[in-house]
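Breakdown of the fold
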Amino acid sequence: MSDYSLNAKISYRQDLNDELMIIRVSPLSGEVPDFTPGQYAELALPDPQDLAENKKIPRRSLSIASAPSEKNYLEFYVVLVPNGYLTPKLWKLKVGDKIWLGPKVKGKFSLDPVPPTSNLIMLSTGTGLAPYVSMLRHFKGQKRWNSFTLFHGVRYERDLGYRAELEELAKTTDNFFYIPSCTRETNESWRGETGRINTLLEKNVYQEITDIPLDPANCQVFLCGNPEMIDSTNLLLESKGFKPYSKKTADGNIHFERYW
Ligand SMILES: Cc1cc2nc3c(=O)[nH]c(=O)nc-3n(C[C@H](O)[C@H](O)[C@H](O)COP(=O)(O)OP(=O)(O)OC[C@H]3O[C@@H](n4cnc5c(N)ncnc54)[C@H](O)[C@@H]3O)c2cc1C
Ligand SMILES: NC(=O)c1ccc[n+]([C@@H]2O[C@H](COP(=O)([O-])OP(=O)(O)OC[C@H]3O[C@@H](n4cnc5c(N)ncnc54)[C@H](OP(=O)(O)O)[C@@H]3O)[C@@H](O)[C@H]2O)c1
């Protein structure tokens, strides 16, 4: 039986809009676990009644958005799922409130298998952006990739979390390309992309913006978030000669993290 004592607290909360927030969770022990950018941690808010009755406690995985060098907290980028189990409870918390943080950081969605000469193509829907924020923060200034192109698909412009940080990075870094796309925005002031991110890839927006061909020989593609986006993009990439990464054979160039 796991120990579900509330072992961490909310140390920061930023509401981007009614349904999106960035939170930081600090272990009460002061010891933030080591992790590799791209990995996730688990959070839970156990119901005392469930604990008393020894019921199974639902935990939820959340990708870490902070860099491993940040030793005071783990940062998470979260969307409210109105009928979900954890997120409506999470939305009621304020700074200082306690929460359960899983003792082990997990996941294989990382740059570990990727050579530093790669052109990275990172696709995300919604909060699927989080692991890339961690990677960008951690490897900033290092020659960890040849280029890093980040597609972020959201419904509305107001859902573009981390936008200022990413725009600033794109302005100051030659080999970083930030491609946000708002699929339902009606405000005419939005002048960026409007298609689903897999459709943008299909329409060759990647090469148009970066001047780099979508070539399995030197591109590695990461997909994170909505599982249907992952499935459609996989099909598209496989038709272009890409294949899912396999640890066993240590080859392949598609990596993915399904959020549900
Ligand atoms: C490896 C991994 C990493 C994850 N990282 C994040 C993260 O960084 N941020 C985050 O917000 N969620 C993330 N998720 C999803 C997260 O685990 C929860 O499912 C989510 O927070 C909703 O929890 P819930 O209990 O309120 O609803 P649940 O009962 O877990 O979900 C109910 C339904 O909501 C939808 N849904 C769930 N998560 C999302 C989402 N992120 N965006 C859009 N629709 C969703 C799905 O249709 C799902 O079936 C991750 C999932 C996995 C497996
Ligand atoms: N964001 C909001 O304003 C809002 C409002 C009400 C409720 N919610 C709740 O929040 C949850 C998460 O919403 P979210 O906006 O973060 O995530 P989302 O619904 O996954 O949408 C994020 C982006 O993914 C795209 N997308 C959806 N299905 C796709 C597919 N099959 N292939 C490729 N792209 C796809 C969406 O495009 P499309 O626009 O074309 O679908 C959008 O650009 C929802 O489940 C909902 O319960 C959100």
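Preceding this section is the structure that the text describes.
Every value quoted in this text rests on a predicted model; they were computed, and no experiment measured them. (Residues numbered from 1 in each chain as written. Chains lettered and ligands numbered in written order. Predicted model: local features only at pLDDT ≥ 70, side-chain atom pairs only at ≥ 80, totals over all residues. Heavy atoms only, no water.)

1. Focus: empty space enclosed by the protein
Quick note on the threshold: Put plainly, a pocket is an open set of points on a 1 Å grid over the protein atoms alone with protein on both sides within 12 Å along at least five of seven lines, a cavity is a set where a 1.4 Å probe fits but cannot get out, and a lining residue has an atom within 4 Å of a point. Grid points are joined across faces, edges and corners, and a volume is the space filled by probe spheres set on the points. Each residue gets one of three labels, nonpolar for Ala, Val, Leu, Ile, Met, Phe, Trp, Tyr, Cys and Pro, charged for Asp, Glu, Lys and Arg, and polar for the others, Gly among them.
One pass over the structure, following the stated rule, counts one cavity of 30 Å³ or more. Approximately 30 Å³ is the volume found for the largest cavity. For the lining of the largest cavity, the residue count by class is four nonpolar, two polar and no charged.

2. Remarks on the site of ligand 2
Formally: One heavy atom suffices: a residue is near a molecule or strand as soon as one of its heavy atoms comes within 4 Å of it. Polar contact is defined as a pair of N or O atoms within 3.5 Å, subject to the rule that within protein one atom must be able to donate a hydrogen and the other to accept it, and that residues adjacent in sequence are counted only when both atoms are side-chain atoms. Assignment to a cavity or pocket requires that more than half of a molecule's atoms be within 2 Å of the site's grid points.
Neighbouring ligand 2 are 19 residues, the closest being Val154, Arg155, Thr183, Arg184 and Arg196. Within the contact set of ligand 2, an oxygen atom lies 3.3 Å away from a side-chain nitrogen or oxygen of Glu19. Side-chain polar atom of Arg196 to an oxygen atom of ligand 2: 2.8 Å apart, as the coordinates give it. Put simply, ligand 2 lies in the largest pocket. Of the residues that constitute the shell around ligand 2, the class distribution is six nonpolar, six polar and seven charged.

3. A word on the site of ligand 1
The following threshold applies: Each accessible area is a Shrake-Rupley estimate made with a 1.4 Å probe; only the visible protein chains count as cover when residues are assessed. Secondary structure elements follow DSSP: runs of H or I of four or more residues count as helices, runs of E of two or more count as strands, with numbering from the N terminus.
Near ligand 1 you find 19 residues, and of these Arg60, Ser61, Tyr77, Leu86 and Thr87 are the closest. For ligand 1, an oxygen atom lies 3.2 Å from a polar atom in the backbone of Val79. Look at ligand 1: alone it shows 860 Å² of surface, and the protein chains cover 76% of it. Spatially, ligand 1 is embedded in the largest pocket. Broken down by secondary-structure element, the contributors of at least two residues to the shell around ligand 1 are β4 (60–63), β5 (74–79), α2 (86–90) and β11 (254–258). Residue classes in the shell around ligand 1 are distributed as eleven nonpolar, five polar and three charged.

4. Remarks on helix α7 (residues 227–239)
As a reminder, the rule being used: Here the expected length of a helix is defined as 1.5 Å per residue gap, with one fewer gap than residues. Only protein chains enter the area calculation, which uses a 1.4 Å probe; residues under 20% of their type maximum are buried, those over 50% are exposed, and those in between are partly exposed. Pairs of residues are marked as contacts when any of their non-hydrogen atoms sit within 4.5 Å.
Here α7 contains 13 residues, and its C-alpha end-to-end distance of 19 Å stays within 8% of the 18 Å for a straight helix at 1.5 Å per residue. Within α7 the residues assigned to the buried category are Pro227, Met229, Ile230, Thr233, Asn234, Leu236 and Leu237. Contact partners of the buried residues in α7: β7 (119–125), α5 (197–202), β10 (219–225) and β11. Of the residues that open α7, the one with a side-chain oxygen 2.8 Å from the backbone nitrogen of Glu228 is Asn226.

Coordinates in, geometry out; function isn't part of it.
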